[in-house]
Amino acid sequence: MSKLNQFSLMIDALAELAEEEQAHHTPPAPGLPNLRSVLANASPLPPEAVFLGLAEDGLPVLLNLYDPIPGPILISGDQASGKTTLLQAIATATEHTHSPSDVQYSVITQYPKEWDDIHSKQNNAGIYSTQDPTTQDLLYSLVTWAHNNKGDQQSVLLLIDDLEALTKLNQQAEQSLRWLLLRGPSRRVWPIVTINAGRARHINLWLEFFRTRLFGRIFDSTESNLLTGGSNKNLNDLTAGSQFVMREGSNWLSFWIPSLDQ
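Let us look at the structure shown here. All of these numbers come straight from a predicted model, not from anything done at the bench.

Quick word on the overall build of the protein chain
A count of helical and extended segments in the protein chain gives seven helices and 10 strands. Residue pairs at least 24 apart in sequence account for 66% of intrachain contacts in the protein chain once pairs closer than 6 positions are excluded.

Structural data, given as C-alpha cells:
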C-alpha cells in the first residue's frame, strides 16, 4: 500500500473517530501522521508552494506564493480550535521545504513562549511580541522591503497570531498593516493571520481584507455566519485542535494539521 493511501485511510479513520467521540461529548484523540512523514511523501513540492495541511484524500493543501490572487489568509476559530498550531505547522513545514533564501517567516504573537521550539530555526526572521515597540518597526520594514521587491526575490510569511491585538497599536503600525494586507501578496509578503471567532465582530472592518479564509471549529452559528459570509456552514462538528475547512468555489475542502511531533 502506498503512503498516500495509508494517509488517506488514516484520515478517514480519524474522521470516524472524531464523529463518535463528539457524539459522546469527549475530546477526540486523533492519531494523525507527523508532519515530517507527510512532507517526505509529498516531496518534492513546487518551489512556490507553502504547506497548509493534509486533505482528506491524503494530498497536501498548498498556497502558491507566486499567485497573489488569494490575498492574505485569515484563520478563524474558537479558542483551542488549533489556530496557533496551524501557524506553527506552516512555519515548521517551511523549514523542511524551503531554504531561507527562498522563504522566511516572522511571527507576531502575544505569547512568544509558545514559539520557543522554532526560535532558532534557520528560516525564522524573528518572534515579536505584539506589545513590543519593535513590532511596529517590523511592519514598516516589511512595507519598505515589499516596495523594493519586484517579484524576483524571496518570499516572506508574516504569521500574526491574533489580529485584534495588533490592530490596537499606533497609527503608523496600523497603516503599515493595512498596506501589507492590501499589497503584500503581490510583492511576496504573505500575511497569515488568526482571529478568535468570538471577537471577530469587534474588528468587522478588518475582515474585508480577507478573501481567503480557513475555519476551525466555531460553536456559535452567529459567529460562523459572520466569518463565512452567511453561508450557514456548520463549523461546530470540526475536530477542535486539528481540523479546518476552506471554501473552494461552491464546495468546502476539509483538511487536517499533521502532528508536529518529531
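Details of helix H2 (residues 35–42)
Buried within H2 we find Leu35, Val38 and Leu39. Down the axis, H2 shows its buried residues gathered within 95 degrees of arc, on one side only. The opening residue of H2 is Asn34, an N-cap whose side-chain oxygen sits 3.3 Å from the backbone nitrogen of Arg36.

Some points on the packing of helix H4 (residues 134–148) against helix H6 (residues 171–183)
Two numbers describe how H4 lies on H6: the axes approach to 9 Å, and their chain directions differ by 40 degrees. In this view, H4 runs oblique relative to H6, as classed from their interaxial angle. The chirality of how H4 crosses H6 is left-handed. In contact with Gln136, Leu139, Tyr140, Leu142, Val143, Ala146 and His147 of H4, H6 contributes Gln172, Ala173, Ser176, Trp179 and Leu180. For the contact of H4 with H6, the class distribution of residues is eight nonpolar, four polar and no charged.

Looking at the pairing of strand S8 (residues 212–215)
Of the two faces of S8, the one lined by Thr212 and Leu214 and the one lined by Arg213 and Phe215 are each fully buried. As paired strands, strand S3 (residues 73–77) and S8 are joined by four bridges and run parallel to one another. Each residue of the ladder has a partner; that of Ile75, found in S8, is Leu214. Bridge count for S8 against strand S9 (residues 243–248) is two bridges, and the pairing is antiparallel. Note on S9: the bridge partner recorded for Phe215 is Val245.

Observations regarding the packing of aromatic side chains
Inspection of the entire model under this criterion finds three aromatic pairs. An angle of 25 degrees between the planes, with centres 6.1 Å apart, marks the rings of Phe244 and Phe255 as stacked. One end of the pair, Phe244, is in strand S9; the other, Phe255, is in strand S10 (residues 251–256), with 11 residues separating them in the sequence. For Phe244, a relative accessible area of 0% puts it in the buried group. Lying across the ring of Trp206, Arg178 places its NZ or CZ 4.3 Å from the centre.

Quick word on the pattern of salt bridges
Taken as a whole and assessed by the stated rule, the structure comprises two salt bridges. Here Glu164 ties to Arg199 by a salt bridge, and the two come within 2.8 Å at their closest N and O atoms. Residue Glu164 is located in helix H5 (residues 163–166), and its partner Arg199 is located in the loop between strand S7 (189–196) and S8; the two are separated by 35 residues in the primary sequence. The exposure class of Arg199 is partly exposed, given its relative accessible area of 34%.

A word on the layout of surface pockets
Roughly 410 Å³ of volume is contained in the largest pocket. Residue assignment for the lining of the largest pocket shows that the elements contributing at least two residues are helix H3 (83–97) and S7.

Calculation criteria
Residues numbered from 1 in each chain as written. Predicted model: local features only at pLDDT ≥ 70, side-chain atom pairs only at ≥ 80, totals over all residues. Heavy atoms only, no water. Helix = DSSP H or I, 4+ residues; strand = E, 2+ residues; numbered from the N terminus. Contact = heavy atoms within 4.5 Å. Buried < 20%, exposed > 50% of the residue type's maximum accessible area, 1.4 Å probe, protein only. Arc of directions from axis to C-beta. Polar contact = N/O pair within 3.5 Å; in protein donor to acceptor, adjacent residues only side chain to side chain. Axes fitted to C-alpha atoms, helices over the stretch in contact; angles between N-to-C directions. Parallel < 35°, antiparallel > 145°, perpendicular 65-115°, else oblique. Left-handed = near helix turned anticlockwise from the far one by under 90°. Nonpolar A, V, L, I, M, F, W, Y, C, P; charged D, E, K, R; others polar. Pairing = 2+ DSSP bridges. Phe/Tyr/Trp six-rings, centres within 6.5 Å; stacked < 30°, edge-to-face > 60°. Lys NZ or Arg CZ within 6 Å of the ring centre and 35° of its normal. Salt bridge = Lys/Arg side-chain N within 4 Å of Asp/Glu carboxyl O. 1 Å grid on protein atoms, 1.4 Å probe; cavity = no way out; pocket = protein on both sides within 12 Å on 5 of 7 lines; lining within 4 Å. Points joined across faces, edges and corners; volume = space filled by probe spheres on them.

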